[in-house]
Structure formats: structure tokens, C-alpha cells
Amino acid sequence: MGLFKTDKYANVKWNKECIHRILNNDFYIGNLTQGKTIQTIGNNHKKIALPKEEWVVIHNNHIPIIDEYTFNQVQDINNQLKQKYFKEHNTNINDENILKGIIKCGYCGKNIRLVKNTKKNYVDKRFACSNKLKYKDRCNFKSVKEEIILNVILETIKLQLKLAKNLSEIVKSKKYLHKFELEKKCIKDKINKINFEIDNINNIYHIMYNDYLENVLNKEDYIYNKNNYKQKELKLKDELIKLNEDLNKIEERFNDKNFINDFLIFEDKEILTKEMILKLIDEIVIYNDKKLKIAFKFCDRFNEIKSYLNGWEVF
Ligand SMILES: [Zn+2]
């Protein structure tokens, strides 16, 4: 095959997976392929596999050891075999685990994998713990049918969508606006009060200085009093900075309602897609006995808006 092994692998035999990797790796025809995964902040820094079309491929990066024609012929043969297998086994070549990287085992914390078992008349697809698949005794999670989980997730998303729709009405309502204005006014009042106090201190500086010049205050007392007021002033200025930050935060939050639209674009969708999952859900943790924990994105913001509802009859 014309390939060499390094000393480390000198006595290791080629296995099936190894040959498969070599046959499918375009590094051997001189390509350098990058950007197969992406890491996003919004997704807790998890790596997400990108579709092949989005990979960055640099051709002629190094001297090839397999010519492209032979490589492509091998790919064609492999694809034909794959298609034939999937046709014979009555399943779709494209079916993938749309929860990959998002779903975790509630018992051991490891990834949950989609496992396919081809039966006589159908394909049995189940979510199973990757840890348990390797070491039977290390986890208690019992595998569960894919369609059951996907249906539960879709139903939960629909409920969350209903909530998003209600919230979108609330953020447009006069009452919500009024509550925001009240909150802003409360902070602005505090800011005004502090500004007044600072002005007052500045006046006191003048008075003290005059008293000092007219010998009503001796130098020692003057410096002592001045330092006292200086500390008071610095403290008030710190408070002022914090209050202004709070005010900015309130304005920002009030103006950012896009996160609700992220939900609403999926209104009326009856099929769960990978796009939906990535856009709306941070993490899913699965347990036995039909227990599922779904962490939706923007949960804090939802709760915040819901808190404006206290005592209101909006739903
Ligand atoms: Zn597990």
C-alpha cells in the first residue's frame, strides 16, 4: 500500500476501522481539511459537527500518496455499497442523531447515542448511553425508542412556543411598558438624589474653604473635614456609576426582544429538526421512567418577563 508506520505503531496490525479511515481521508490525496466542527458560546462551548459543504478544504497542500482518480473510485464504490445496504435494510441513508452533542445521560453524564438495530421488517432506533454500551455495569440507563423521545421534545417545544407567543404579546402591552417606565423612573430618581448630594458637598467645600481663609476653621480641622467629605463624595460617585449601569441594562433588555422571535419562527412546525434543537435548546438530560430534563435557551429572559405578570390576568 505504500504507507509507512511510525515506530510507535510498527507492530500494530491494520484493523478494519483503520483501513476505512485511510480510504476515506482526503489527506492522502494532498488536501488539508479544516473547520469540521464549530464551537459556540451560546451553546456552552460545545463542539457541533458542520455539514461537509461547509468544511474548508485546501487542495494541493502537500504531496499526495494516492491519486485523486483512484480515491474517487473508492468513494463511489463505498457509496454504492452504503446505498445498497440502506435500501436492503429499509432505512434512510441520511438519518442522523439530531440530538447529538445536546443529549446527556442523567446517570453518568456521558453522551447518549442513537443506536440502530435492523430487524426483519423495520429498523429499531434507540437512544442509549454511550458509557453503558461500552461497559454494561457502569450505568443504569435503559435505552428508549427514538420516536418517543423526539415526540416528547416536540410537544415540549410547542408548549414553550405557546409561552413565547404570550410573552411576545406582553412585551407589546401598555402594562409591560408602564412597568418598565416605573423601574426606570425609580433608578433615575435615585440618580438625581445622588447628584444633588454631590452638589451639596461641593458647596460645603467652598464654605469650608472660606471659613478656613477667614480663620473660622484652623488648618487641621479644615483638612480633616475636607477628607471626610471627599470620602463621602467618592462613595456617592461609585453608587452613581452602578445606578447608570443598571439603567443601561434595563434599556438594553427592553430593546432586545429578538430572542422571542427565535422561538416564533418555528410556530406550526410539526416535525422536529436539528435546526430547531440547536436554536432553542441548550441541553437535554435523560433518565429512566420517562424522565427528561430540557434546558431551553433564554430561560432567564422568559422568567424575567413572566415576573412582570405577577398579579395580572394576561393568559
Ligand atoms: Zn449513562
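Visitor: A description of the overall build of the protein should follow, citing residues and the corresponding values.
Guide: Counting its regular elements, the protein contains nine helices and 10 strands. Evaluated residue by residue, the protein yields a buried proportion of 8% over its 315 residues. Partitioning the contacts of the protein with sequence separation of at least 6, the portion at a separation of at least 24 is 58%.

Visitor: Quick one: what's the story with the sheet that holds strand β5 (residues 103–105), residue by residue and with numbers?
Guide: One open sheet holds the three strands; their spatial order is β5-β9-β10, and the pairing between them is mixed. With one partner strand each, in any of the chains shown, β5 and β10 (292–296) form the two edges of the open sheet. When the angles between neighbouring strand axes are averaged without regard to direction, this sheet yields 20°.

Visitor: Which residues make up the nonpolar core, and what values do they have?
Guide: Side chains of a nonpolar character, in soluble globular proteins, are inclined to be buried together. I103, C105, I112, I284 and I286 are the most contacted members of the largest nonpolar core, which has 21 residues in total. Counting only elements with at least two residues in this core, the list comes to β5, β7 (123–129), α4 (146–172), α7 (258–264) and β9 (281–286). Both domains that meet at this core, namely domain 2 (103–156) and domain 3 (169–307), each give it at least three residues. I284 has contacts with L99, I102, I103, L292, K293 and I294, leaving out every residue within four places of it along the chain.

Visitor: Please provide a residue-by-residue account of the confidence of the model for the protein, values included.
Guide: Residues at a pLDDT of 70 or more form 87% of the protein, whose mean pLDDT is 84. Under a pLDDT of 50 for its full length, residues 311–315 has, in the predicted model, five contacts with residues more than four places off or in other chains.

Visitor: Outline the environment of I102, supporting the account with residue identities and numerical values.
Guide: Tracing the backbone shows I102 in the loop between α2 (68–88) and β5. Remark: the alpha-carbon pair of I102 and I112, spanning 10 residues in sequence, is separated by 8.7 Å. With residues up to four places along the chain from it excluded, the contact list for I102 reads I277, I281, E283 and I284.

Visitor: So what about the environment of K226? Which residues, and what values?
Guide: Within the element layout of this structure, K226 appears in helix α6 (residues 219–255). For the pair K226 and Y209, spaced 17 residues apart in sequence, the C-alpha separation works out to 9.0 Å. Not counting chain neighbours up to four residues away, the residues in contact with K226 comprise Y205 and M208.

Visitor: Lay out the packing of helix α5 (residues 174–213) against α6 with the relevant residues and their values.
Guide: The description of two packed helices rests on the angle between their axes and on the distance between the axes. Running from amino to carboxyl end, α5 crosses α6 at an angle of 165°, the nearest separation of the two axes being 9 Å. When the axis of α5 is compared with that of α6, the two are roughly antiparallel. Remark: the crossing between α5 and α6 carries left-handed chirality. A per-class count over the contact of α5 with α6 returns 18 nonpolar, two polar and 10 charged.

Visitor: With reference to specific residues and values, describe the sheet that holds β7.
Guide: Spatially, β6-β7-β8 is the arrangement adopted by the three strands of the open sheet, whose pairing is antiparallel. Lying at the two open borders of the sheet, with one neighbouring strand each, are β6 (112–118) and β8 (144–145).

Visitor: I'd like a rundown of α5, residues and numbers included.
Guide: The terminal C-alpha atoms of α5 lie 58 Å apart, and with 40 residues this matches the ideal 58 Å at 1.5 Å per residue to within 8%. Two residues or fewer past α5, N215 is found with a positive phi of approximately 65°.

Visitor: A description of the environment of P64 should follow, citing residues and the corresponding values.
Guide: The residue P64 is located in the loop between β4 (56–58) and α2 in this model. Taking the C-alpha atoms as reference points, P64 and G30, 34 residues apart in sequence, are found 4.3 Å from one another. With sequence-adjacent residues up to four places away left out, P64 is seen in contact with Y28, I29 and G30.

Visitor: An account of unusual backbone geometry is requested, with residue identities and associated values reported.
Guide: Phi at N60 is positive, roughly 50°, even though this residue is not glycine. Although it is not a glycine, F298 sits at a positive phi angle of roughly 60°. Along the polypeptide, F298 turns up in the loop between β10 and α9 (299–307).

Visitor: So what about the pairing of β9? Which residues, and what values?
Guide: Judged from the three bridges that link them, β5 and β9 form a sheet pairing that is parallel. Paired with K104 across the bridge in β9 is V285. The pairing of β9 with β10 spans five bridges and is antiparallel. If you follow I286 over to β10, its bridge partner there is L292. Hairpin connection, β9 to β10: the antiparallel pair is bridged by five residues, and D289 has positive phi, about 55°.

Visitor: Requested: an account of the pairing of β7, with residues and values cited.
Guide: Pairing of β6 with β7 involves seven bridges; the strand directions are antiparallel. Of the residues in β7, the one forming a bridge with N117 is D124. The antiparallel pairing of β6 with β7 creates a hairpin that spans four residues between the two strands.

Conventions used here
Residues numbered from 1 in each chain as written. Predicted model: local features only at pLDDT ≥ 70, side-chain atom pairs only at ≥ 80, totals over all residues. Helix = DSSP H or I, 4+ residues; strand = E, 2+ residues; numbered from the N terminus. Buried ≥ 20, exposed ≤ 12 C-beta atoms within 10 Å, placed from the backbone. Contact = placed C-beta atoms within 7 Å. Pairing = 2+ DSSP bridges. Axes fitted to C-alpha atoms, helices over the stretch in contact; angles between N-to-C directions. Core = buried A, V, L, I, M, F, W, Y, C linked by C-beta atoms within 7 Å. Domains from an automatic or database assignment. pLDDT = per-residue confidence, 0-100. Parallel < 35°, antiparallel > 145°, perpendicular 65-115°, else oblique. Left-handed = near helix turned anticlockwise from the far one by under 90°. Nonpolar A, V, L, I, M, F, W, Y, C, P; charged D, E, K, R; others polar. Expected span 1.5 Å × (residues − 1).

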